[in-house]
Amino acid sequence: MSAAREFAKAGFDDWLLLEQWNDRLGGRLFTRKMGAGSDTCPADGCPVEIGARYIQGIQRNPVYDLLKNGIGFRMHQVNYNKVLVFDENGEEEKKPPWHEWDSAFVCAEELGNELNQIPNNNEEKDGRSLLASDQCGWNNDTPVKDAIEWFDMEFEYGRSPEQVGAYAFPEYTYMDFRGFDYYGADERGLEKIITHFQKDLEGSGEIRTGDPGTVVEIATLVDEKECHGEGLDANCVKISIADGTILYAQWAISTIPFGVIKHNVESGNAAPLFRDATDDWKDVVKKFIMGGYHSTYLRFSKKFWPNTEFILSSRTDDSDLNKPVIGFKPHDTVSRMNCAELSKLHTL
């Protein structure tokens with residue numbers, strides 16, 4: 001949509017935006033409403049984000065600039081220091097070992113960076129090895145320490161320390177977009193970005209949604225006569241769709257979700273779009289970590305929890321969900337519980 005928006009701004013109106021998978025635009029921007037008509041939500045309901053919800057980093061971040069200056073979107077700065085930690089007996093931990101963990105985490109980051117700087121280094125170190133090294137000295141030998149580790153590892157990366165390699169420890173996001181994290185706190189929801197873009201596209205080009213079919217190939221070596229037959233200049237592109245539809249265009253921009261790219265590369269699937277990718281490019285894709293966790297939104301008739309942003313519980317069980325993070329939207333009656341595996345969801 002950003003590309004189509006730029007075309008429209010430049011005066012082009014002969015373009016096609018093809019949404020392959022859904023009957024809606026937006027991808028991971030997916031806002032839904034709950035509690036419509038209740039006393040604790042607006043008339044159309046409280047917005048909950050099914051997909052993306054955080055704006056990570058603000059300096060030179062185009063998403064943050066668009067929300068703040070382009071849309072006037074209300075955001076809340078996340079305060080990761082406002083965390084209540086409860087021990088395995090359900091009692092509040094008065095002195096959680098955050099400092100000990102923070103020191104070990106910074107140490108592991110530095111070790112990971114050192115390993116990444118070594119040319120042709122084939123030594124694989126996982127996060128657990130880095131944290132537990134003699135230099136860093138971290139040991140998650142109590143339920144509280146295990147929960148704190150969970151908050152900064154599984155909750156942040158969607159992976160355990162054992163699954164996070166040395167390459168993942170540097171905070172790559174904040175190398176580009178430094179600053180704070182923000183949470184969408186606007187009643188319109190983050191999908192407002194999409195409606196804002198659509199407004200800019202009115203009267204220009206064409207948008208097709210509704211699962212028109214998977215693009216199976218974008219051919220760039222098209223016969224010149226074939227291009228001319230479609231009213232195009234030489235060097236046009238030919239787009240083949242799974243349902244047999246053939247589209248021709250002078251140019252094509254393919255915006256493939258990174259998760260799709262990563263799946264194809266890691267599974268060894270020789271999809272035409274990735275067939276000519278270099279080994280170095282594939283290695284970078286494999287190293288870039290992606291994780292996911294499931295969120296359960298709960299709405300209550302009134303706010304009964306303390307003035308905090310996160311509650312972290314400690315349990316003796318090994319289950320990921322027995323260390324859930326419960327997040328709260330400020331001045332709201334909606335809470336969010338995050339866990340790594342949906343199958344482990346238990347009653348709050």
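See the structure shown above.
Residues numbered from 1 in each chain as written. Predicted model: local features only at pLDDT ≥ 70, side-chain atom pairs only at ≥ 80, totals over all residues. Heavy atoms only, no water.

*Asks:* How would you explain the environment of Met 75 if you had to name every residue and give the values?
*Replies:* You can see Met 75 is positioned in strand 5 (residues 75–77). Its relative accessible area of 17% is what places Met 75 among the buried residues. Through-space distance from the C-alpha of Met 75 to that of Tyr 182 is 6.0 Å; in sequence the pair is 107 residues apart. Among residues more than four places away in sequence, those in contact with Met 75 are Ile 55, Tyr 64, Leu 67, Lys 68, Tyr 182, Tyr 183 and Ala 185. (Helix = DSSP H or I, 4+ residues; strand = E, 2+ residues; numbered from the N terminus. Buried < 20%, exposed > 50% of the residue type's maximum accessible area, 1.4 Å probe, protein only. Contact = heavy atoms within 4.5 Å.)

*Asks:* How would you explain the environment of Pro 97 if you had to name every residue and give the values?
*Replies:* Within the secondary structure, Pro 97 is located in the loop between strand 6 (83–86) and helix 3 (98–117). C-alpha separation for the pair Pro 97 and Val 144, spaced 47 residues apart in sequence, amounts to 8.2 Å. Discounting residues that sit within four places of it in the chain, Pro 97 has contacts with Val 144, Lys 145 and Ile 148.

*Asks:* Kindly report on unusual backbone geometry, identifying the contributing residues and their values.
*Replies:* Even without glycine at this site, Arg 60 takes up a positive phi of about 65 degrees. The residue Arg 60 is located in the loop between strand 4 (54–56) and helix 2 (62–71) in this model. Even without glycine at this site, Asn 235 takes up a positive phi of about 65 degrees. Summarising the element assignment, Asn 235 is placed in the loop between helix 9 (224–229) and strand 10 (237–241). In this structure Asn 235 comes out as exposed when scored by relative accessible area, which is 65%.

Function cannot be read off these values alone, since they describe shape.
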